[in-house]
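Summary of the model geometry
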Amino acid sequence: MRKISRRGFFKVTAAGSSAVAVSSTKKAFGMKEFHGYPNSMGVLVDLTRCIGCRTCEAACNKEHGLPEPELPFDDFSVFDQVYHDGKEKRRTSDKAFTVVNRYNPKASGGEPVYRKFQCNHCNEPACLTSCFVNAYTKTKEGAVIYNPDVCVGCRMCMVACPFLVPAYTYESALHPQIKKCNFCYDTRLKYGKPPACVEACPQEALTFGHRKTLIKIAHERIRENPKKYVDHVYGETEVGGTSWMYLSGVPFDQLGFNTDLQHHPILDNTKSFLGFVPMVLGIWPALFMGFHLLAKGGKGNDEDKQSNK
Amino acid sequence: MKSRTIGILGGIILALILVSAPVFGMDNKPPATVMIDSLSHLFTGVEFDHNLHVEITEGCSVCHHHRFGNGVVDENCARCHSECQGTFSPTCSDCHVSDPFTGKHIREMEANPNRYHIDIPGLKAAYHLKCLTCHIKEEAPSECVDCHARTDAGNRFYHSGKYAPADGDKNKNHE
Ligand code: SF4
Ligand code: SF4
């Protein structure tokens, strides 16, 4: 019933297109370039260290009280699961905020390479800029968090995210929710602790620290072992930089990474997209904010919001 | 002149430390086994057979870097440490802390901008990176449970054993 195709969505909104400018959309337009908070934390994922033990997945499940997995976390047959005619491997979902996939790239002579995957916590998140009710926040610690209380369930963020991360949960039709990795913000990051997966990883394939320092560490690892690593830190500049970054021993495109991403924020695209249909979107916040304020007694979500000069 | 005095003073201090610290190969023998049990919540402790590994590796510095043993193996270490004759303590936990990601430790590592070693794995990773890399290369046992018997809490954590999901196929959740 809630399933509206993208086309249908635009048709519906275009019908009621009297331009109502609401502050939240305005903010998205006016946002200047932003290169992340200076003391933002991050995680460096070194794929040459990952052994595919899935301990990080188990830790995430426990930390967030996620539903029982389909198979045990020590069942490695999940690496053989493929979807869409074998073109796609497992993806993050509302029941798994991180997944580890196995690849057998040419560059390693078919030797397995494992890739952990989760929200990359972009410096300028497309999910955030595409959301017209400001359900997303980039915290000063670097986490991109989401507030289900203001979400209207339009799923724009799912379309906007360059890494296809936000997942939609259908568990409650009345309270639609996006589910994704939140960098363990509520339970750990804001208290200065590393995320659960990082703490659990036996190999320190995940290194937690200031993003600035992690970039130094990453380049130093490459410099000390030029034969071991591809000379690129994925996420240092992709889509304007991400808090989670990756080192790899084989070319990133052989591990399912999108290597065609722009090196400036997706925001620019979102902006021109928004420029294309401003009045279409204009009506939505008004409508839903109205509903929402009625429902919530006017409570906003303004704390800790990324500064929008 | 000045640097010489410092050199002599340093020498005396070093000598004092060397004398007061246990020195392997002089009278203390390396331990026959080492108990590794910092993860003993999810896994039972591992009794590491140090003697066996002394026999089968090409020398102490394969694992102990330049800290101990027979010269430096890693060429990156050798850039600075080629003259190192080993030091007074070869213990892993001297450099590899058990909690590498606390705010305090991160700040300590960043405090001196000239610090070279800004990327030291924690103790758990130091073990695994050394042990597993070799075990995989030499085709020695390399599954987690080959070394670590799991506790009940461990099985619960991995949703394994008696905590395994009842119906393997239910709620396939890929869109
Ligand atoms: S990876 Fe996707 S969901 Fe995560 S911050 Fe970036 S745009 Fe948002
Ligand atoms: S816990 Fe670490 S080594 Fe194991 S699969 Fe996750 S990232 Fe890889």
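As the structure is a prediction and not an experimental result, all values here were calculated from the model.

1. So, the overall build of chain A
Secondary structure assignment for chain A yields nine helices and nine strands. Relative to its full complement of 309 residues, chain A shows a buried share of 56%. Expressed as a percentage of contacts within chain A between residues at least 6 apart in sequence, the contacts between residues at least 24 apart total 65%. As presented, chain A carries roughly 13,900 Å² of accessible surface, and 56% of it is formed by carbon and sulfur atoms.

2. Quick look at the nonpolar core
Counting 48 residues, the largest nonpolar core has Val43, Phe163, Phe208 and Tyr246 of chain A as the members making the most contacts within it. Breaking this core down by element, the ones donating at least two residues are strand S1 (41-46), helix H3 (55-63), strand S2 (99-103), strand S3 (113-117), helix H6 (196-200), strand S8 (206-210) and strand S9 (244-247) of chain A. When neighbours within four sequence positions are excluded, Phe208 of chain A is seen to be in contact with Met41, Gly42, Val43, Phe183, Leu189, Lys193, Pro194, Pro195, Val198 and Leu214 of chain A together with Phe101 and Ile106 of chain B. Of all hydrophobic cores here, the second largest spans 15 residues; its members include Leu128, Val144, Cys151 and Cys157 of chain A.

3. Notes on the site of ligand 1
As a structural note, the neighbourhood of ligand 1 is formed by 13 residues, with Cys119, Cys122, Cys127, Cys161 and Phe163 of chain A the closest of them. Of the residues that constitute the shell around ligand 1, the class distribution is 10 nonpolar, two polar and one charged.

4. Focus on the environment of His128 of chain B
Within the secondary structure, His128 of chain B is located in helix H6 (residues 123-137). The buried category is assigned to His128 of chain B, whose relative accessible area is 14%. Along the sequence, His128 of chain B and Tyr163 of chain B sit 35 residues apart, while their C-alpha atoms lie 26 Å from each other. Residues within four places of His128 of chain B in sequence aside, it is in contact with Pro202 and Gln203 of chain A together with Thr133 and His148 of chain B.

5. Some remarks on unusual backbone geometry
All names here are of chain A. One non-glycine residue, Arg155, adopts positive backbone phi at about 65 degrees. Relative to the helices and strands, Arg155 resides in the loop between strand S5 (144-146) and helix H5 (156-160). Looking at Arg155, the relative accessible area reads 18%, which means it is buried. If you check the backbone angles, Phe183 has positive phi at about 65 degrees while not being a glycine. Tracing the chain through its elements places Phe183 in the loop between strand S7 (177-179) and H6. The class for Phe183 is buried, based on a relative accessible area of 0%.

6. Some points on the confidence of the model for chain A
Residue and element names in this part refer to chain A. Here chain A shows a mean pLDDT of 81. Residues at 70 or above account for 73%. Under a pLDDT of 50 for its full length, residues 274-280 has, in the predicted model, 11 contacts with residues more than four places off or in other chains. Considering only residues more than four positions removed or in separate chains, one finds that residues 296-309, a stretch of pLDDT under 50, has 29 contacts.

7. Section: the pattern of salt bridges
Oppositely charged side chains can pair when the atoms bearing their charge come close. Within this structure, the stated rule accounts for 16 salt bridges over all chains. Here Asp74 of chain A ties to Arg150 of chain B by a salt bridge, and the two come within 2.9 Å at their closest N and O atoms. Highlighted residues: Asp74 of chain A in the loop between H3 and S2 and Arg150 of chain B in the loop between helix H7 (144-147) and helix H8 (152-157), drawn from two different chains. As a salt-bridge pair, Arg223 of chain A and Glu220 of chain A come within 2.9 Å of each other at their nearest N and O atoms. With Arg223 of chain A and Glu220 of chain A both in helix H7 (residues 211-224) and three residues apart, the pair spans about one turn of that helix. Salt bridges here are not isolated pairs; linked through shared partners, they connect Asp46, Arg49 and Arg221 of chain A together with Asp119 of chain B.

8. Concerning the site of ligand 2
Residues in close proximity to ligand 2 include Cys50, Ile51, Gly52, Cys53, Arg54, Thr55, Cys56, Val100, Cys201, Pro202 and Ala205 of chain A, which together make up its full environment. Here the residues of the shell around ligand 2 are counted per class, giving eight nonpolar, two polar and one charged.

9. Points about the interface of chain A and chain B
At the interface, 48 residues of chain A touch 38 residues of chain B. By the criterion of area lost to chain B, the three top residues of chain A are Glu68, Glu70 and Glu204 of chain A, representing 19% of everything that side buries. In this structure, the connection of chain A to chain B is made through three salt bridges. For the salt bridge of Arg79 of chain B with Glu224 of chain A, the shortest nitrogen-to-oxygen distance reads 3.2 Å. The tally of links between chain A and chain B comes to 16 residue pairs in polar contact (both at pLDDT 80 or more). If one sorts the elements of the side of chain A that touches chain B by residue count, H7 of chain A sits on top with seven residues. When grouped by side-chain class, the residues that make up the side of chain A that touches chain B number 21 nonpolar, 11 polar and 16 charged.

10. Some thoughts on the sheet that holds S8 of chain A
All names here are of chain A. If you trace the three strands from one edge of the open sheet to the other, you get S8-S1-S9, paired in mixed fashion. Each edge of the open sheet is held by one strand with a lone partner, namely S8 and S9. Neighbour to neighbour, the strand axes of the sheet diverge by 25 degrees on average, direction disregarded. Sheet topology note: the S1/S8 ladder contains five bridges and is antiparallel. If you follow Met41 over to S8, its bridge partner there is His210.

Definitions and cut-offs
- Residues numbered from 1 in each chain as written.
- Chains lettered and ligands numbered in written order.
- Predicted model: local features only at pLDDT ≥ 70, side-chain atom pairs only at ≥ 80, totals over all residues.
- Heavy atoms only, no water.
- Helix = DSSP H or I, 4+ residues; strand = E, 2+ residues; numbered from the N terminus.
- Buried < 20%, exposed > 50% of the residue type's maximum accessible area, 1.4 Å probe, protein only.
- Contact = heavy atoms within 4.5 Å.
- Areas by Shrake-Rupley, 256 points an atom, 1.4 Å probe, with all protein chains shown as cover.
- Core = buried A, V, L, I, M, F, W, Y, C linked by side-chain atoms within 4.5 Å.
- Near = heavy atom within 4 Å.
- Nonpolar A, V, L, I, M, F, W, Y, C, P; charged D, E, K, R; others polar.
- pLDDT = per-residue confidence, 0-100.
- Salt bridge = Lys/Arg side-chain N within 4 Å of Asp/Glu carboxyl O.
- Buried area = accessible area lost by both parts, 1.4 Å probe.
- Polar contact = N/O pair within 3.5 Å; in protein donor to acceptor, adjacent residues only side chain to side chain.
- Pairing = 2+ DSSP bridges.
- Axes fitted to C-alpha atoms, helices over the stretch in contact; angles between N-to-C directions.

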